[in-house]
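Letter by letter, the chains look like this.
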Amino acid sequence: MANNVYDVAYNLETAVKESDEFKNLQTLYKEVFADETTKNMFENFRNIQLELQQKQMSGQEITQEEVEQAQQTVAVVQQNESIAKLMEAEQRMSMMVSELNKIIMKPLEELYSNVDSAN
């Protein structure tokens, strides 16, 4: 049975790669990275995001200046149609992955909720 779970996981990987959401995301990434200015703008945005996430995860305080810089960057980036479309596609892909995660984790949630109610 253990191998079957992995087989299903690999089939799910294939299904994700073949999904419209993923194909759309791929196309939009290619579009953004085809233009040097748009690519640089997007990479700058991603770097700021990653820096703030790393600070937050390590317990460091994010300054008001950093928040304002991030907000300004988001405002500029969202004005670029290609990047805005990419960000929307990323959000849809993230929602799909989140929904898949809920489905995958459901047996554990049910197990733990039954254990809690048994006590």
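So, here is what we can say about the structure in this document. Quantities reported herein were computed from a predicted structural model and do not represent experimental measurements.

**Some thoughts on the nonpolar core**
Line of reasoning, step 1. Core analysis: the largest hydrophobic core is formed by 13 residues, its most contacted members being Ile83 and Leu86.
Line of reasoning, step 2. Breaking this core down by element, the ones donating at least two residues are helix H2 (20–34), helix H3 (36–57) and helix H5 (81–118).
Line of reasoning, step 3. Broken down by element, this core gets its largest block of residues, six residues, from H5.
Line of reasoning, step 4. Leave out the neighbours within four places in its chain, and leucine 86 touches Leu25, Leu28, Tyr29, Val32 and Phe42.

**Some details on the packing of aromatic side chains**
Line of reasoning, step 1. What the rule picks out here adds up to three aromatic pairs.
Line of reasoning, step 2. With centroids separated by 6.0 Å and ring planes inclined at 80 degrees, the aromatic side chains of phenylalanine 33 and phenylalanine 42 adopt a geometry described as edge-to-face.
Line of reasoning, step 3. Following the ring pairs from residue to residue traces out a cluster consisting of Tyr29, Phe33 and Phe42.

**Quick notes on a nonpolar patch on the surface**
Line of reasoning, step 1. A cluster of nonpolar residues, Leu12, Ile104, Met105, Leu108, Leu111, Tyr112 and Val115, forms a patch on the protein surface that exposes about 600 Å² of accessible area.
Line of reasoning, step 2. On the secondary structure map, methionine 105 appears in helix H5.
Line of reasoning, step 3. On the basis of relative accessibility, which here comes to 33%, the residue methionine 105 falls in the partly exposed class.

**Description of the side chain of threonine 73**
Line of reasoning, step 1. Along the chain, threonine 73 turns up in helix H4 (residues 64–78).
Line of reasoning, step 2. Looking at threonine 73, the relative accessible area reads 13%, which means it is buried.
Line of reasoning, step 3. Side-chain polar atoms of threonine 73 contact the backbone oxygen of glutamine 69, separated by 2.9 Å.
Line of reasoning, step 4. Excluding anything up to four places from it in sequence, threonine 73 contacts Asn44, Phe45 and Ile48.

Cut-offs and rules
- Residues numbered from 1 in each chain as written.
- Predicted model: local features only at pLDDT ≥ 70, side-chain atom pairs only at ≥ 80, totals over all residues.
- Heavy atoms only, no water.
- Core = buried A, V, L, I, M, F, W, Y, C linked by side-chain atoms within 4.5 Å.
- Buried < 20%, exposed > 50% of the residue type's maximum accessible area, 1.4 Å probe, protein only.
- Helix = DSSP H or I, 4+ residues; strand = E, 2+ residues; numbered from the N terminus.
- Contact = heavy atoms within 4.5 Å.
- Phe/Tyr/Trp six-rings, centres within 6.5 Å; stacked < 30°, edge-to-face > 60°.
- Patch = residues over 30% accessible without salt bridge, like charges linked within 9 Å, V, L, I, M, F, W, Y side chains within 5 Å.
- Areas by Shrake-Rupley, 256 points an atom, 1.4 Å probe, with all protein chains shown as cover.
- Salt bridge = Lys/Arg side-chain N within 4 Å of Asp/Glu carboxyl O.
- Polar contact = N/O pair within 3.5 Å; in protein donor to acceptor, adjacent residues only side chain to side chain.

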